[in-house]
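Single-letter residue listing:
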Amino acid sequence: MKNYLTYCLLAIIMFSCNANKSSNLENSDSTSANLESTDSLLNEKIIKTADMRFRVKDVQNTKEKLSSAIKLEGGTIAEFTVQSNIQQTEKVKYSADSLLELTSYRTEGLVIAKIPSDKLDEFTNKVAKLAVFIDQQSLKMDDQSIVYLSNKLKNENRVEAVEQLNKHANKKSNNVESSLSLKDDYVDKKIENLMIDTKVQYSTITLNFYQDNTVKSILVGNDNLYSYRPNFLTRLGLSFQNGWYIFKEFILAVMNLWVWIIIAAAAYFSLKYYRKRKVANAN
């Protein structure tokens, strides 16, 4: 009886081992089949990025035309800037109380837009017609097909792993944390693929444009105080008057010192008398 039970136990163990091996082989074959079928799942994901720099007749007018063209193509403006950089400035006398300010400046514009990828070539042709001439034009194509497919397959694996973890959930195990980590990774890869889809659907184009230096003349107030002084004859007469005033003030100042003048005169004559007497005694 014992031998019979032993044989039955051995038979069950061998059967279970064979079942596990066949299951592993089936999983391996399934994985290999999935990997071999990735070529059929590969979709083209090309991200286009364009740049243009060109000269125009009027920056502000070009910016308005670009805005209309972008809306017409179904695109949107992500950023735009118009600025003027002063190259040189000078002030020339225009009249006694005014100056003519001359300013040379350079105006530049920047537009960053999102354009449907299938209309990018048509849009760049329209932009080229707005330019006096094109300094530089480039197009960059970034193939994200493999990255997109990798994210997709990894997400499928994450879904299967979460289902397996949920089936064997145990309060004492860390299955909850593992499941949450896998779900977060799934969300990250999903968002990454959504961003790739958006970039594939809408291409980014950067437009730099400028115009020739412009000279602007403005009449401004004269801030040079020397220009507001009286004419020569008036200033000459005022100088005579001012000289006479200074002379009178000098006399008055000297008269305030009359005591010291008398003392100085007395000292001078006393010293002179003493020297003459000394000379006479010596003879």
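Parameters and conventions
Residues numbered from 1 in each chain as written. Predicted model: local features only at pLDDT ≥ 70, side-chain atom pairs only at ≥ 80, totals over all residues. Heavy atoms only, no water. Helix = DSSP H or I, 4+ residues; strand = E, 2+ residues; numbered from the N terminus. Buried < 20%, exposed > 50% of the residue type's maximum accessible area, 1.4 Å probe, protein only. Contact = heavy atoms within 4.5 Å. Patch = residues over 30% accessible without salt bridge, like charges linked within 9 Å, V, L, I, M, F, W, Y side chains within 5 Å. Areas by Shrake-Rupley, 256 points an atom, 1.4 Å probe, with all protein chains shown as cover. Salt bridge = Lys/Arg side-chain N within 4 Å of Asp/Glu carboxyl O. Phe/Tyr/Trp six-rings, centres within 6.5 Å; stacked < 30°, edge-to-face > 60°.

**Some thoughts on the environment of Arg106**
Here's step 1: On the secondary structure map, Arg106 appears in strand β3 (residues 98-116).
Here's step 2: Given the relative accessible area of 23%, Arg106 is considered partly exposed.
Here's step 3: The sequence separation of Arg106 and Asn85 amounts to 21 residues, and the corresponding C-alpha distance is 5.2 Å.
Here's step 4: When neighbours within four sequence positions are excluded, Arg106 is seen to be in contact with Arg53, Gln83, Ser84, Asn85, Gln87, Tyr210, Gln211 and Asn213.

**Re the environment of Pro116**
Here's step 1: Position of Pro116 among the secondary structure elements: in strand β3.
Here's step 2: Exposure remark for Pro116: the relative accessible area of 12% places this residue in the buried category.
Here's step 3: Spatially, the C-alpha atom of Pro116 lies 5.9 Å from that of Gln201, the residues being 85 residues apart in sequence.
Here's step 4: If sequence neighbours within four positions are ignored, Pro116 has contacts with Glu73, Gly74, Gly75, Gln201 and Tyr202.

**Observations concerning a nonpolar patch on the surface**
Here's step 1: Together, Leu257, Trp258, Val259, Trp260, Ile261, Ile262 and Ile263 make up an exposed nonpolar region whose accessible area comes to about 750 Å².
Here's step 2: Relative to the helices and strands, Leu257 is located in the loop between α7 (232-255) and α8 (258-282).
Here's step 3: For Leu257, a relative accessible area of 46% translates into the label partly exposed.

**Thoughts on the packing of aromatic side chains**
Here's step 1: Enumeration according to the criterion identifies three aromatic pairs in this entry.
Here's step 2: Judged by centre distance (5.6 Å) and plane angle (20 degrees), the rings of Phe54 and Phe209 are stacked. Taken together, the residues span a long stretch of sequence, with Phe54 in strand β1 (residues 46-55) and Phe209 in strand β5 (residues 202-210) at a distance of 155 residues. Both residues of the pair, Phe54 and Phe209, count as buried.

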